[in-house]
Structure formats: C-alpha cells, structure tokens
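Now for the letters of each chain:
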Amino acid sequence: MDQKLIQGALTYGRRFVRYGKTASYIPELASKNPSKLGVAVCDLEGNILTAGDSEEKFTMQSISKLIALILALEQNSYDDVFCKVGLEPTGDSFSSTVRLDHLTNNKPFNPMINAGAIAVTSTIRGASLEERKTVCINFARKLLGSSKLDVDYEVFLSEARTGFKNRAIIYLMRSNGIIEGNCEEHLELYFMLCSLACTCRDLAVFAATLANNGVNPITGETVIPLRTVKLVRSLMVTCGMYDYSGEFAATVGMPSKSGVGGGIISCPIGKCGIAVYGPSLDEKGNSTGGLKMLEYLSENMELNMF
Ligand code: DON
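Just so it is clear, the model here is predicted, and its values are computed rather than measured. (Residues numbered from 1 in each chain as written. Predicted model: local features only at pLDDT ≥ 70, side-chain atom pairs only at ≥ 80, totals over all residues. Heavy atoms only, no water.)

Chemist: Which residues make up the layout of surface pockets, and what values do they have?
Modeler: Taken as a whole, the largest pocket encloses approximately 400 Å³ of empty space. Lining the largest pocket are 23 residues, with A23, S24, Y25, F94 and E283 positioned closest to its centre. Elements supplying a minimum of two residues to the lining of the largest pocket: α7 (153-162) and α8 (164-175). Among the elements that make up the lining of the largest pocket, the one with the highest residue count is α8 (three residues). Grouping the constituent residues of the lining of the largest pocket by class yields seven nonpolar, nine polar and seven charged. Size it by volume and the second largest pocket reaches roughly 200 Å³. Considering the residues around the second largest pocket, the lining is formed by 15 residues, among which S122, T123, I124, R132 and H186 are closest to the centre. (1 Å grid on protein atoms, 1.4 Å probe; cavity = no way out; pocket = protein on both sides within 12 Å on 5 of 7 lines; lining within 4 Å. Points joined across faces, edges and corners; volume = space filled by probe spheres on them. Helix = DSSP H or I, 4+ residues; strand = E, 2+ residues; numbered from the N terminus. Nonpolar A, V, L, I, M, F, W, Y, C, P; charged D, E, K, R; others polar.)

In structure tokens:
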C-alpha cells in the first residue's frame, strides 16, 4: 500500500464533491457538511492508511444492512431468513415500494433494499426490544473491532420521527404476512442500526474482514463464517450500490455497499478493505466524492475483480 495513492484518491475525489447534496429526507443528515471527504484502506495484515476526514464520525445507514444480515444468519437458519427475503437485484431505488405488492410470494427482492433489510431485521432475536438493541450494538462492535461504536441519537430520532416511507413498507409487508410481531419495534431496531456512528477507519477493518474471508486482519479472529461472507459479498456486487450496482460492477468491479450517511465500503476479495466517506450524494444516494475515490483506487491498485 502506498500513502501517495490514498492521498491521490482524496485529491481526485474532492473535485466531485460539489456535484451532489446531503440526504434531505432525514432532516439531521441534511445539515451535515457536504465538503467532508475521507478514506481509509486496511490491508490483510491489518495495516491501515488514511487520508482526509477519516476520523470523522458518520452514521452507517444502509451499510448496517450487512450487519443485520450477518447477525440474522448467525441467529437463524438460512431458510428462516430467506423465506422472508430474496436474493435478486431490483434496479429500483432503495426505498421503492413498486415491487412489494406485485410479488409472486410477497417477498422483498433482496436484503440490501429497505424492505428486505427491514424483513431481515424482524428476524433478529432477543427477549425484549432493549435486548435486541444491545445484541445488535455488541455484534456491530465485534464486526468493526471498535468497542466504542454507538448510536447517534440525533440521527436516530430524526429518522424515527420522519421515516414514513419505511413505515409504509413495513405495514405493507405485515399485511402480506412477511413481517410478524410488533412493527414499531422492528422499525426502531432498523433505525437504530442505520444510526450506528462510525469512522472510515472502523469500516475499513470491517471491509477488510469481508475481503479476508471473515477473519479480522488485526486480531486474527474469525468473526463471520465463510458461507455468510460469500453470500454477503455476492449481494454487495449485485445490489450493494442501489440502482447503480450494475454500472458500478462494470466500471469499478469491487463488492461494495453504500449508505445515505455518505459512507461506502468495498472489499476486493483477498486484497484489502476500503471505506470512504463524503456526505454529498448523487441522485441515487451514493457519495459523489466517495464513488470517484473508489474508481481511482480500483484503477491504481488493480482491484477490479472482473
Ligand atoms: O431507511 C433509510 O431510508 C435510511 N436509514 C437508510 C437508507 C440508505 O442508506 C440507503 N439504502 N439502501
């Protein structure tokens, strides 16, 4: 790894920050500084290189969909999870409802769209909502190797107050028999996962763990079973960048997942973990500067898997 390359990615990415804007549908995210930009790369020996605002905290948003899925598969059988959600890309935006009511078996298409992630979250177990929250936070801390990871309560409350689209989605799935139990509790857990605050450095370790077949490269501990890692990486390729996933695979070629908080992680298999952050988003919800940094790193570090 070369610090000059990471710095080069940042300098390149900065040119594109002005072409986007912060997520406006979650009020607390709208007020973030759109010019922030950071990157961290963790190799499979656990060395981390960073540039820019890599220590800035931001909320994971949809990147947490990976954590929810990994936890759900740890607590449940594959059949119990995948009777509620499919494995096919939609080509629609992440919060779209158009396919939810036309399905043959009512299942949301995949765990990377909001509907699918909410269905997955509903399978996360615990004796009470509080216990389920604690299980999720502890699990996220373990996956990111960061004991201080916590919820950004301002973002959480902001989304909990305004998340009407997600409320519509969960009640539609409740009426279709996909969701069981208390919808408001499942939603609260989902919003909490989206509001977990982390840095590029934390996420680069998680990404490197995915690239390293589930073994945390810093501690050497296996934290994700290989079967789950393979499934998650395949979903990242086909669905991780919303309705930009196809073009991103064709041009950048790394399993990746983005979130409307401005983060994106990439896990080129057997190579390294990358996390970028820039809250200025394009119209599909991907970080403008972040995308360009990933393009730059893929090209210059030869990370394109295809
Ligand atoms: O549920 C939402 O709309 C946000 N908390 C997360 C959306 C996001 O990052 C993009 N989703 N795939």
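Additional details are given in the paragraphs that follow.
Chemist: Let's hear about the sheet that holds strand β5 (residues 196-198): which residues, and what values?
Modeler: Sheet architecture is open: three strands sit in the order β3-β5-β4, paired in antiparallel fashion. Each edge of the sheet is formed by a strand with only one pairing partner; in this case those strands are β3 (58-59) and β4 (150-151). Direction of pairing for β3 relative to β5: antiparallel, over a ladder of two bridges. Note that in β5 the partner of F58 across the bridge is C198. (Pairing = 2+ DSSP bridges.)

Chemist: Quick rundown of the site of the ligand? Include the residues and the values.
Modeler: Neighbouring the ligand are 14 residues, the closest being Y25, Q61, S62, E159 and Y190. A distance of 2.6 Å separates an oxygen atom of the ligand from a polar atom in the side chain of Y25. The contact in question runs from an oxygen atom of the ligand to an N or O atom on the side chain of Y190, over 2.6 Å. The protein chains hide 100% of the 340 Å² of surface that the ligand would expose on its own. The cavity that encloses the ligand is the second largest cavity. Here the shell around the ligand is built from residues that sort into seven nonpolar, five polar and two charged. (Near = heavy atom within 4 Å. Polar contact = N/O pair within 3.5 Å; in protein donor to acceptor, adjacent residues only side chain to side chain. Areas by Shrake-Rupley, 256 points an atom, 1.4 Å probe, with all protein chains shown as cover. Sits in = over half its atoms within 2 Å of the grid points.)

That is the geometry; function is a separate question.
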